[in-house]
Amino acid sequence: MSKLVLDNKSYDSRLIVGTGKYKDLDETKLAIEATGAEMVTVAIRRMNIGQDKNKLNLLDFISPEKYTILPNTAGCYTAEDAIRTCNLAAEILGGKKLVKLEVLGDKKTLYPNLTETLKAAEILIKDDFKIMVYTTDDPLIAKELENIGCISVMPLAAPIGSGLGIQNKYNILSIVENANVPIIVDAGVGTASDATIVMEMGCDGVLMNTAIACADNPVLMASAMKKAVEAGYEAFHAGRIIKKKYASASSPTRGNLFDNK
Amino acid sequence: MNIFVNQKKTVASKESTIINILENLDIENKYLAVEINEAILPKSEYDKYIIQENDKIEIINAIGGG
């Protein structure tokens, strides 16, 4: 597989994974190792003060020295809150300015508020942030986000955590065809075949969390997702056959003992 | 002196720095950010900034998320 390049860094894995919803930090670590992912998302929240001093924190398990940490702005409903969160993330991570921007519009659907997303992206880009942006599958908005300087556009396949798979394949295809930055499908994957389909469509990567963390066996699903992304990527580049209406025999007809029957 | 740490009213000694506050709370996590009244306080200021009455201090870190 060729490498995925984001913010001047090359990645062998085209699977980016979240760190939420796991049973505990041990399971988080094992599952993420099984995905082979090199970039992981984290949320920025108030510290849980009063917890056991000896209790380890997420970044003790998922080391920023080993993984590229992609802080998100999940839970932000305005550009202002998202910008504040990005600045906090940069402070937490020693000045690193790579972020996943998501500005939500509605608690039920967790659909992005695109007006606020565009507003936040423009301000953050001027402040040297490198924005990987969560958006809808609208091809025009995707292009606009690229044009203002987002380093990756990340359209949803279906609502966050829904596991519904790709709901609008032709919109995603249209986004991919018109893009000059990596297109990473973010949200909506339910199982391995969904991830494969995303990659077979020519997307540059997939970002997921719930499909792995909430599977009955997260570590096994993590391994499945790793293979699914690789399979889809290879199949896309191998070039699939053209679909035909009728059968086309795989074995030669020449020399068939029963030709004359 | 009263201050608010992560929205909880807390009593702190006068002349406390953020280093003192973090030590009192047994916080050793190096991956954190501190806001004072909604403005980020750079790590280089943790031993310099002296907390003021009614300061709203937020201690923020990274947790699991997607």
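This is a predicted model, so every value here is computed, not measured.

J.: Account for the overall build of chain B, naming residues and giving values.
T.: Assigned secondary structure in chain B consists of 1 helix and 5 strands. Along the chain direction, N to C, the helices and strands of chain B fall in the order β-β-α-β-β-β. Its C-alpha atoms give chain B a radius of gyration of 12 Å, near enough to 11 Å, the size a compact globule of 66 residues would have. By its C-alpha atoms, chain B is 40 × 25 × 25 Å across when sized along the principal axes. In chain B, which comprises 66 residues, the proportion classed as buried is 42%.

J.: Go over the pairing of strand β1 (residues 2-5) of chain B with me, naming the residues and quoting the values.
T.: Every other side chain in a regular strand lies on the same face of the sheet, so the side chains alternate between the two faces. Residue and element names in this part refer to chain B. Covered by surrounding structure in β1 are I3 and V5 only, the residues N2 and F4 on the alternate face being uncovered. The turn joining β1 and strand β2 (residues 8-11), which pair antiparallel and follow one another in sequence, is formed by 2 residues; a positive phi near 45° is taken by N6. With 2 bridges connecting them, β1 and strand β5 (residues 56-64) associate as parallel partners. Paired with V5 across the two strands is I57, which belongs to β5.

J.: Give a detailed account of the side chain of T35 of chain A, specifying residues and quantitative values.
T.: Locating T35 of chain A in the fold gives a position in helix α1 (residues 25-35). Of the residues examined, T35 of chain A reaches a relative accessible area of 1% and is grouped as buried.

J.: Lay out the pairing of strand β8 (residues 152-155) of chain A with the relevant residues and their values.
T.: Residues and elements named next belong to chain A. Along β8, one buried face is formed by S152 and M154 and the opposite face, lined by V153 and P155, is buried too. In terms of strand pairing, strand β7 (residues 130-135) meets β8 through 4 bridges, oriented parallel. Looking across to β8, one finds that T135 is bridged to P155. Read as a crossover between parallel neighbours, the route from β7 over helix α5 (residues 139-147) to β8 is right-handed.

J.: Go over the packing of aromatic side chains with me, naming the residues and quoting the values.
T.: All names here are of chain A. For the coordinates displayed, the defined rule picks out 0 aromatic pairs over all chains. The ring of Y134 carries the charged tip of K100 above its face, separated from the ring centre by 5.8 Å. A cation over an aromatic ring shows up here: K107 above the ring of Y77, its NZ or CZ 5.1 Å from the ring centre.

J.: Tell me about the pattern of salt bridges, and name the residues and values.
T.: Pairing is possible between side chains that carry opposite charge, provided their charged atoms lie close to one another. Here the structure, examined in full by the defined rule, presents 14 salt bridges over all chains. Where K43 of chain B meets E91 of chain A, a salt bridge forms, and the shortest distance between an N and an O atom there is 3.7 Å. Here K43 of chain B is found in the loop between β4 (39-41) and β5, whereas its partner E91 of chain A is found in helix α3 (residues 79-92) on a different chain. Note on E91 of chain A: relative accessible area 17%, which makes it buried. Of the charged contacts in the structure, one is a salt bridge between K97 of chain A and D127 of chain A, with a shortest N-O distance of 3.6 Å. Within this pair, whereas K97 of chain A is found in the loop between α3 and β6 (98-101), its partner D127 of chain A is found in the loop between α4 (114-126) and β7, the two being separated by 30 residues in sequence.

J.: I'd like to hear about the side chain of N57 of chain A, residue by residue, with values.
T.: Here N57 of chain A shows up in the loop between β4 (39-46) and α2 (58-61). Not counting residues within four places of it along the chain, the set of residues in contact with N57 of chain A comprises L25 and Q51 of chain A together with N29 and N61 of chain B.

J.: Mind laying out the packing of α1 of chain A against helix α9 (residues 218-238) of chain A, listing which residues take part and the relevant values?
T.: To describe two helices that pack against each other, one gives the angle between their axes and the distance between the axes. Residue and element names in this part refer to chain A. At a minimum axis separation of 7 Å, α1 and α9 run at an interaxial angle of 20°. Relative to α9, α1 is oriented roughly parallel. At the point where α1 passes α9, the crossing takes the right-handed sense. Each of E27, L30, A31, A34 and T35 in α1 lies in contact with α9, whose residues at this interface are P218, V219, A222, S223 and K226. Looking at the contact of α1 with α9 residue by residue, the class counts come to 6 nonpolar, 2 polar and 2 charged.

J.: Can you break down the interface of chain B and chain A residue by residue, with the values?
T.: At the junction of the two partners, chain B supplies 28 residues and chain A supplies 27 residues. Taken together, both faces of the contact between chain B and chain A bury some 2,500 Å²; the carbon and sulfur share is 57%. A per-residue breakdown of the area chain B buries against chain A is headed by Y31, A62 and G66 of chain B, which together make up 25% of the total. At the boundary of chain B and chain A, one finds 4 salt bridges. Taken together, the links from chain B to chain A amount to 14 residue pairs in polar contact (both at pLDDT 80 or more). Contributing elements (two or more residues each) for the side of chain B that touches chain A: β3 (32-36), β4 and β5 of chain B. With 7 residues, β5 of chain B is the largest single contributor of residues to the side of chain B that touches chain A. Classifying every residue of the side of chain B that touches chain A by side-chain character gives 14 nonpolar, 7 polar and 7 charged. Looking at chain direction, β4 of chain A and β5 of chain B are connected through 5 bridges and run antiparallel. Across the sheet, R45 of chain A pairs through a bridge with N61 of chain B, a residue of β5 of chain B.

Cut-offs used in this document
Residues numbered from 1 in each chain as written. Chains lettered and ligands numbered in written order. Predicted model: local features only at pLDDT ≥ 70, side-chain atom pairs only at ≥ 80, totals over all residues. Heavy atoms only, no water. Helix = DSSP H or I, 4+ residues; strand = E, 2+ residues; numbered from the N terminus. Rg over C-alpha atoms; globule rule 2.2 N^0.38 Å. Buried < 20%, exposed > 50% of the residue type's maximum accessible area, 1.4 Å probe, protein only. Pairing = 2+ DSSP bridges. Right-handed = clockwise from strand over helix to strand, strands pointing away. Phe/Tyr/Trp six-rings, centres within 6.5 Å; stacked < 30°, edge-to-face > 60°. Lys NZ or Arg CZ within 6 Å of the ring centre and 35° of its normal. Salt bridge = Lys/Arg side-chain N within 4 Å of Asp/Glu carboxyl O. Contact = heavy atoms within 4.5 Å. Axes fitted to C-alpha atoms, helices over the stretch in contact; angles between N-to-C directions. Parallel < 35°, antiparallel > 145°, perpendicular 65-115°, else oblique. Left-handed = near helix turned anticlockwise from the far one by under 90°. Nonpolar A, V, L, I, M, F, W, Y, C, P; charged D, E, K, R; others polar. Buried area = accessible area lost by both parts, 1.4 Å probe. Polar contact = N/O pair within 3.5 Å; in protein donor to acceptor, adjacent residues only side chain to side chain.

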